[in-house]
Structures are given as structure tokens and as C-alpha cells.
Amino acid sequence: MQNRYQIKTIIFFCICTALIFSSCKKEYLQSPYKDIESFVIKDALNNNISAALIGDSIIVYWPPFQNVPAKQKPEITLSANASISPVSGQEIDFKTGVTYTVTAQDGSTRKYTLKLAENIPSPFFGVNSIA
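All values reported here derive from a predicted model rather than from experimental measurement. (Residues numbered from 1 in each chain as written. Predicted model: local features only at pLDDT ≥ 70, side-chain atom pairs only at ≥ 80, totals over all residues. Heavy atoms only, no water.)

## Description of the overall build of the protein
Phase 1: Along the protein, the regular secondary structure elements total 1 helix and 10 strands.
Phase 2: Counted from the first residue to the last, the protein has its helices and strands arranged as α-β-β-β-β-β-β-β-β-β-β.
Phase 3: For the protein, the proportion of its 131 residues judged to be buried stands at 21%.
Phase 4: Taking all contacts inside the protein whose residues are at least 6 apart in sequence as the whole, residues at least 24 apart take part in 48%.
Phase 5: Of the accessible surface of the protein, which amounts to about 9900 Å², a share of 57% is contributed by carbon and sulfur atoms. (Helix = DSSP H or I, 4+ residues; strand = E, 2+ residues; numbered from the N terminus. Buried < 20%, exposed > 50% of the residue type's maximum accessible area, 1.4 Å probe, protein only. Contact = heavy atoms within 4.5 Å. Areas by Shrake-Rupley, 256 points an atom, 1.4 Å probe, with all protein chains shown as cover.)

Laid out in C-alpha cells, this is it:
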């Protein structure tokens, strides 16, 4: 009788142990998002300039009549759980452009290329005619 009780106790202990260890294992899906949500830099007057994010391009329209700096420290907002290289706030070569790599939590990547568009007004020449 006691042998039967020991077997039931061992079986009960094994079942409880299996339930405890199986309930602790949880898997969460890793985020696949690898987008730049916003890209902001400062102009020569310390005003914020938000870049246009079109496809895999980051296009900065520089204000007219302001000198374009060689270096910038952009502030970049990403999708949740994503990372970027070079990191947000790091000084970059602004005039020559740079390629950013955004890495999602699941390891997938997306590349963005920084492009500068200078807003230089076209000169206008008018001719006054005497009629």
C-alpha cells in the first residue's frame, strides 16, 4: 500500500514540475518595423527643419539665403524597438550626405539615403520697354 502511495506522489511531483517549467517559457514575436518616423535638423537660425521622408530617401529642403553647414546633428525618431546607425544626435557630414541603416528588433534592415535640396531662387530679369 505504501509503495502505491509513493508512486502516486512521484507522478504528482513530475506533473507539477512539468507544468511549472512549461508555464515559464513564453515567446514574444519580435517587431519587424524599421521605419524612420521623423528626421529633424537645425538651420543657420536655429529653427527646426523637418525632412521629407519619401521611400528610402530623407530629403532636406534647405532654406534660401542661408549657408549650408558641413556638419549637422539630426534628431531621429524611429519605429518602436528599432535602432539606427549612425545614431540620432551624432554629427554627420551634411553636405556630402550619408546612408542610415535602420535595424528592426527581428534583425531585418532598411537603408535610407540623406539628400540635400537647396532652395535657391532662380534669378529673374525683367526688361522695361518703352513703347
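## Section: the side chain of Ser-79
Phase 1: Mapping Ser-79 onto the fold places it in the loop between β6 (75-78) and β7 (83-85).
Phase 2: For Ser-79, a relative accessible area of 9% puts it in the buried group.
Phase 3: Among the polar contacts made by the side chain of Ser-79, one reaches the side chain of Glu-37 at a distance of 3.2 Å. (Polar contact = N/O pair within 3.5 Å; in protein donor to acceptor, adjacent residues only side chain to side chain.)

## Focus: the sheet that holds strand β1 (residues 36-42)
Phase 1: One open sheet holds the 3 strands; their spatial order is β2-β1-β6, and the pairing between them is antiparallel. Each end of this open sheet is capped by a strand with a single partner; those strands are β2 (48-50) and β6. Direction aside, the axes of adjacent strands within the sheet are offset by 20° on average.
Phase 2: In terms of strand pairing, β1 meets β6 through 4 bridges, oriented antiparallel. The residue of β6 that forms the bridge with Val-40 is Glu-75. (Pairing = 2+ DSSP bridges. Axes fitted to C-alpha atoms, helices over the stretch in contact; angles between N-to-C directions.)

## Concerning the pattern of salt bridges
Phase 1: Applying the stated rule across the entire model yields 3 salt bridges.
Phase 2: Close ionic contact of Asp-35 with Arg-110 constitutes a salt bridge, the shortest N to O distance being 2.8 Å. Note that Asp-35 is positioned in the loop between α1 (2-24) and β1 and Arg-110 in strand β10 (residues 109-118), a separation of 75 residues in sequence.
Phase 3: Asp-35 sits in the partly exposed class, given a relative accessible area of 27%.
Phase 4: Given the relative accessible area of 25%, Arg-110 is considered partly exposed.
Phase 5: In this structure, Lys-71 and Asp-93 form a salt bridge, with 2.4 Å as the shortest nitrogen-oxygen distance. You can see Lys-71 sitting in strand β5 (residues 71-72) and its partner Asp-93 sitting in strand β8 (residues 92-93), a full 22 residues away along the chain.
Phase 6: Judged by relative accessible area, which is 37%, Asp-93 ranks as partly exposed.
Phase 7: Linked through salt bridges whose partners overlap, the residues forming this network are Asp-35, Asp-56 and Arg-110. (Salt bridge = Lys/Arg side-chain N within 4 Å of Asp/Glu carboxyl O.)

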